[in-house]
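# An overview of the molecular structure
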Amino acid sequence: MKALKPSFTIIELIIVIIIIGIIAYTINFNFFDNNLKVAADQVENHIRYTESLAMKDDKYQPFPKSTSSADTNQSKFWFMQWWQIRFSVNSNNEYFYEIFSDSTKSTTYFDHIGNPVSEFARDPLTHKYLDGNYNTPTANKKLNLTKTYGIKLIKFNGTVISSSTNSKRILFDNFGNLFLSEGNINHVGNEYPLYKNERVLVTNNIKIDLCRDNVCNECIRLNITPSGEVFQSKCN
(Lines give C-alpha, C1' and ligand atoms only; values in the text may rest on other atoms or scores of the structure.)
Protein backbone atom coordinates (compact mmCIF):
# COMPACT_ATOMS: atom_id res chain seq x y z
CA MET A 1 0.00 0.00 0.00
CA LYS A 2 1.12 3.51 -0.75
CA ALA A 3 1.89 5.63 2.27
CA LEU A 4 -0.59 8.42 2.86
CA LYS A 5 0.78 11.89 2.19
CA PRO A 6 0.82 14.15 5.24
CA SER A 7 -1.86 16.86 5.18
CA PHE A 8 -2.66 19.97 7.16
CA THR A 9 -4.69 19.65 10.29
CA ILE A 10 -7.57 22.00 11.04
CA ILE A 11 -5.44 23.81 13.63
CA GLU A 12 -2.62 24.33 11.14
CA LEU A 13 -5.06 25.70 8.56
CA ILE A 14 -6.51 28.10 11.12
CA ILE A 15 -3.01 29.30 12.02
CA VAL A 16 -2.19 29.88 8.33
CA ILE A 17 -5.44 31.82 7.83
CA ILE A 18 -4.68 33.98 10.88
CA ILE A 19 -1.16 34.72 9.60
CA ILE A 20 -2.50 35.64 6.16
CA GLY A 21 -5.08 37.91 7.81
CA ILE A 22 -2.39 39.68 9.85
CA ILE A 23 -0.25 40.21 6.75
CA ALA A 24 -3.23 41.53 4.78
CA TYR A 25 -4.17 43.91 7.60
CA THR A 26 -0.60 45.20 7.81
CA ILE A 27 -0.44 45.80 4.06
CA ASN A 28 -3.81 47.55 4.12
CA PHE A 29 -2.82 49.71 7.11
CA ASN A 30 0.46 50.70 5.49
CA PHE A 31 -1.37 51.54 2.28
CA PHE A 32 -3.68 53.97 4.06
CA ASP A 33 -0.83 55.35 6.14
CA ASN A 34 1.32 55.89 3.05
CA ASN A 35 -1.62 57.47 1.21
CA LEU A 36 -1.92 60.06 3.98
CA LYS A 37 1.83 60.70 3.89
CA VAL A 38 1.80 61.12 0.11
CA ALA A 39 -1.02 63.66 0.44
CA ALA A 40 0.89 65.59 3.11
CA ASP A 41 4.09 65.55 1.04
CA GLN A 42 2.20 66.82 -2.00
CA VAL A 43 0.57 69.71 -0.13
CA GLU A 44 3.89 70.59 1.50
CA ASN A 45 5.60 70.74 -1.90
CA HIS A 46 2.79 72.83 -3.36
CA ILE A 47 2.98 75.34 -0.50
CA ARG A 48 6.67 75.75 -1.29
CA TYR A 49 5.85 76.02 -4.99
CA THR A 50 3.33 78.79 -4.28
CA GLU A 51 6.00 80.71 -2.39
CA SER A 52 8.49 80.27 -5.23
CA LEU A 53 5.95 81.57 -7.76
CA ALA A 54 5.32 84.64 -5.62
CA MET A 55 9.01 85.44 -5.18
CA LYS A 56 9.53 85.36 -8.95
CA ASP A 57 6.48 87.49 -9.72
CA ASP A 58 6.38 91.02 -8.29
CA LYS A 59 2.77 92.14 -8.52
CA TYR A 60 3.43 95.80 -7.75
CA GLN A 61 1.72 97.80 -10.49
CA PRO A 62 1.59 101.54 -9.74
CA PHE A 63 0.11 102.54 -13.10
CA PRO A 64 -2.90 100.92 -14.79
CA LYS A 65 -2.49 99.51 -18.29
CA SER A 66 -5.59 101.37 -19.42
CA THR A 67 -8.40 103.51 -18.04
CA SER A 68 -10.82 100.58 -17.87
CA SER A 69 -12.34 99.67 -14.50
CA ALA A 70 -10.67 96.25 -14.58
CA ASP A 71 -7.17 97.63 -15.21
CA THR A 72 -7.68 100.48 -12.73
CA ASN A 73 -8.69 98.07 -9.96
CA GLN A 74 -5.86 95.68 -10.82
CA SER A 75 -3.36 98.51 -10.42
CA LYS A 76 -5.00 100.12 -7.39
CA PHE A 77 -5.31 96.83 -5.50
CA TRP A 78 -2.18 95.19 -6.93
CA PHE A 79 -1.52 93.20 -3.73
CA MET A 80 -4.67 91.15 -4.28
CA GLN A 81 -2.80 89.42 -7.10
CA TRP A 82 -0.34 87.76 -4.72
CA TRP A 83 0.03 84.04 -5.39
CA GLN A 84 -2.07 81.99 -3.01
CA ILE A 85 -3.02 78.44 -2.13
CA ARG A 86 -6.68 78.03 -1.20
CA PHE A 87 -8.18 75.06 0.68
CA SER A 88 -11.88 74.38 0.31
CA VAL A 89 -14.60 71.73 0.04
CA ASN A 90 -17.04 71.36 -2.86
CA SER A 91 -20.73 70.45 -2.98
CA ASN A 92 -19.85 66.74 -2.98
CA ASN A 93 -18.02 67.20 0.33
CA GLU A 94 -14.68 66.65 -1.39
CA TYR A 95 -11.69 68.52 0.00
CA PHE A 96 -9.44 70.17 -2.54
CA TYR A 97 -7.02 73.03 -2.98
CA GLU A 98 -5.93 75.30 -5.79
CA ILE A 99 -3.02 77.60 -6.54
CA PHE A 100 -3.70 80.84 -8.39
CA SER A 101 -3.06 84.54 -8.74
CA ASP A 102 -6.29 86.52 -8.65
CA SER A 103 -7.01 89.12 -11.32
CA THR A 104 -9.76 91.27 -12.77
CA LYS A 105 -9.81 89.38 -16.08
CA SER A 106 -13.28 87.89 -15.73
CA THR A 107 -14.82 90.83 -13.88
CA THR A 108 -13.90 94.39 -12.97
CA TYR A 109 -13.08 93.31 -9.41
CA PHE A 110 -11.19 90.51 -7.68
CA ASP A 111 -13.45 87.51 -7.06
CA HIS A 112 -10.99 85.63 -4.79
CA ILE A 113 -11.28 82.35 -6.69
CA GLY A 114 -9.42 80.86 -9.63
CA ASN A 115 -11.42 82.33 -12.50
CA PRO A 116 -10.73 82.32 -15.42
CA VAL A 117 -8.56 79.25 -15.85
CA SER A 118 -5.54 81.36 -16.85
CA GLU A 119 -5.24 82.48 -13.21
CA PHE A 120 -4.22 78.98 -12.11
CA ALA A 121 -0.61 77.92 -11.74
CA ARG A 122 0.54 74.98 -13.84
CA ASP A 123 2.33 71.87 -12.71
CA PRO A 124 5.92 72.29 -13.96
CA LEU A 125 6.11 68.60 -14.94
CA THR A 126 2.67 67.80 -16.36
CA HIS A 127 1.60 71.37 -17.24
CA LYS A 128 -1.82 70.63 -15.76
CA TYR A 129 -3.63 73.45 -14.00
CA LEU A 130 -3.23 73.28 -10.22
CA ASP A 131 -6.96 73.35 -9.62
CA GLY A 132 -8.36 70.51 -7.52
CA ASN A 133 -12.08 71.19 -7.73
CA TYR A 134 -13.19 67.94 -9.30
CA ASN A 135 -16.42 69.52 -10.52
CA THR A 136 -14.60 71.68 -13.05
CA PRO A 137 -13.17 70.57 -16.41
CA THR A 138 -9.72 71.98 -15.59
CA ALA A 139 -9.40 70.05 -12.33
CA ASN A 140 -6.20 68.21 -11.51
CA LYS A 141 -7.24 64.94 -9.87
CA LYS A 142 -4.29 64.91 -7.46
CA LEU A 143 -5.36 68.18 -5.84
CA ASN A 144 -8.72 66.66 -4.94
CA LEU A 145 -7.51 65.20 -1.65
CA THR A 146 -10.71 63.30 -0.94
CA LYS A 147 -10.94 61.43 -4.25
CA THR A 148 -7.22 60.76 -4.56
CA TYR A 149 -6.08 60.17 -0.98
CA GLY A 150 -9.25 59.64 1.04
CA ILE A 151 -8.93 62.85 3.07
CA LYS A 152 -12.22 63.32 4.94
CA LEU A 153 -11.48 66.47 6.89
CA ILE A 154 -9.15 69.46 6.82
CA LYS A 155 -8.58 71.71 9.80
CA PHE A 156 -6.98 75.12 9.40
CA ASN A 157 -5.58 76.45 12.68
CA GLY A 158 -8.05 74.21 14.51
CA THR A 159 -11.10 75.26 12.47
CA VAL A 160 -12.79 72.67 10.27
CA ILE A 161 -13.24 73.75 6.66
CA SER A 162 -16.89 72.78 6.32
CA SER A 163 -18.01 74.62 3.19
CA SER A 164 -16.78 76.83 0.37
CA THR A 165 -17.86 79.89 2.36
CA ASN A 166 -15.21 79.27 5.01
CA SER A 167 -12.42 78.20 2.68
CA LYS A 168 -8.96 79.13 3.94
CA ARG A 169 -6.04 80.54 2.04
CA ILE A 170 -2.47 81.66 2.51
CA LEU A 171 -0.70 84.18 0.31
CA PHE A 172 2.92 85.10 -0.36
CA ASP A 173 4.29 88.44 -1.49
CA ASN A 174 7.36 88.72 -3.69
CA PHE A 175 9.63 88.83 -0.62
CA GLY A 176 8.31 85.50 0.62
CA ASN A 177 6.29 87.06 3.44
CA LEU A 178 3.32 84.95 4.47
CA PHE A 179 -0.20 86.35 4.80
CA LEU A 180 -3.64 85.07 5.73
CA SER A 181 -6.69 86.36 3.90
CA GLU A 182 -10.40 85.83 4.31
CA GLY A 183 -10.95 86.91 0.70
CA ASN A 184 -14.47 88.32 0.78
CA ILE A 185 -16.27 87.55 -2.47
CA ASN A 186 -16.99 90.54 -4.74
CA HIS A 187 -15.15 92.86 -2.37
CA VAL A 188 -12.27 94.96 -3.58
CA GLY A 189 -11.12 96.12 -0.16
CA ASN A 190 -9.02 99.04 0.97
CA GLU A 191 -5.95 100.24 -0.93
CA TYR A 192 -3.71 99.35 2.01
CA PRO A 193 -2.49 95.70 1.80
CA LEU A 194 -3.04 95.00 5.51
CA TYR A 195 -6.41 96.72 5.83
CA LYS A 196 -8.41 95.32 8.79
CA ASN A 197 -8.46 91.51 8.62
CA GLU A 198 -8.52 91.13 4.86
CA ARG A 199 -4.80 90.33 4.78
CA VAL A 200 -2.95 89.51 7.97
CA LEU A 201 0.82 89.16 8.16
CA VAL A 202 1.53 85.78 9.74
CA THR A 203 3.47 85.94 13.01
CA ASN A 204 2.70 82.47 14.40
CA ASN A 205 2.83 79.02 12.85
CA ILE A 206 -0.09 78.03 10.64
CA LYS A 207 -1.39 74.50 11.29
CA ILE A 208 -3.13 72.52 8.56
CA ASP A 209 -4.43 69.10 9.63
CA LEU A 210 -5.12 66.48 6.96
CA CYS A 211 -7.42 63.80 8.40
CA ARG A 212 -8.46 60.43 7.00
CA ASP A 213 -11.36 60.19 9.45
CA ASN A 214 -13.94 62.59 10.83
CA VAL A 215 -12.31 62.89 14.26
CA CYS A 216 -8.71 63.23 13.04
CA ASN A 217 -7.34 60.14 14.74
CA GLU A 218 -5.49 59.34 11.52
CA CYS A 219 -3.93 62.68 10.77
CA ILE A 220 -0.80 64.55 9.67
CA ARG A 221 -0.23 68.20 10.51
CA LEU A 222 1.50 70.63 8.18
CA ASN A 223 3.16 73.46 10.09
CA ILE A 224 4.04 76.65 8.23
CA THR A 225 6.30 79.13 9.99
CA PRO A 226 6.07 82.91 9.43
CA SER A 227 9.22 82.66 7.32
CA GLY A 228 7.52 80.16 5.01
CA GLU A 229 9.23 76.98 6.19
CA VAL A 230 7.03 73.89 6.13
CA PHE A 231 7.37 70.75 8.25
CA GLN A 232 5.16 67.83 9.21
CA SER A 233 4.20 66.56 12.66
CA LYS A 234 1.57 64.54 14.47
CA CYS A 235 -1.74 66.31 15.01
CA ASN A 236 -1.92 65.60 18.75
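Here is what the cut-offs are and how they apply
- Residues numbered from 1 in each chain as written.
- Predicted model: local features only at pLDDT ≥ 70, side-chain atom pairs only at ≥ 80, totals over all residues.
- Heavy atoms only, no water.
- Pairing = 2+ DSSP bridges.
- Helix = DSSP H or I, 4+ residues; strand = E, 2+ residues; numbered from the N terminus.
- Core = buried A, V, L, I, M, F, W, Y, C linked by side-chain atoms within 4.5 Å.
- Buried < 20%, exposed > 50% of the residue type's maximum accessible area, 1.4 Å probe, protein only.
- Contact = heavy atoms within 4.5 Å.

The name an unreviewed UniProt entry gives the chain is Type II secretory pathway pseudopilin PulG, with Caminibacter pacificus as the organism.

Glancing now at the sheet that holds strand β4 (residues 159-160). The five strands are arranged β4-β3-β8-β9-β10 in an open sheet whose pairing can be described as antiparallel. This sheet does not close on itself; its edge strands, each paired only once, are β4 and β10 (230-233). With four bridges joining them, strand β3 (residues 153-156) and strand β8 (residues 206-211) adopt antiparallel strand pairing. Directly across from Lys 155, in β8, lies its bridge partner Asp 209.

Turning to the nonpolar core, a few remarks are in order. Within the largest apolar cluster, 40 residues are counted, with the highest numbers of intra-cluster contacts made by Ile 47, Phe 87, Leu 145, Ile 154, Ile 208 and Leu 210. Secondary structure elements with two or more residues in this core: α1 (10-55), β1 (83-89), β2 (95-101), α3 (145-149), β3, β5 (168-172), β8 and β9 (219-224). Top contributing element to this core by residue count: α1, with eight residues. What Leu 145 contacts, discounting residues up to four positions off in sequence, is Ala 39, Gln 42, Val 43, Tyr 95, Phe 96, Tyr 97, Gly 150, Ile 151, Ile 154 and Leu 210. Residues Trp 78, Phe 79, Met 80 and Trp 82 belong to the second largest nonpolar core, which totals seven residues.

Turning our attention to the pairing of β3. As paired strands, β3 and β4 are joined by two bridges and run antiparallel to one another. Paired with Lys 155 across the two strands is Val 160, which belongs to β4. Once β3 ends, the chain turns through two residues before running back antiparallel as β4, passing Asn 157 with a positive phi of about 55°.

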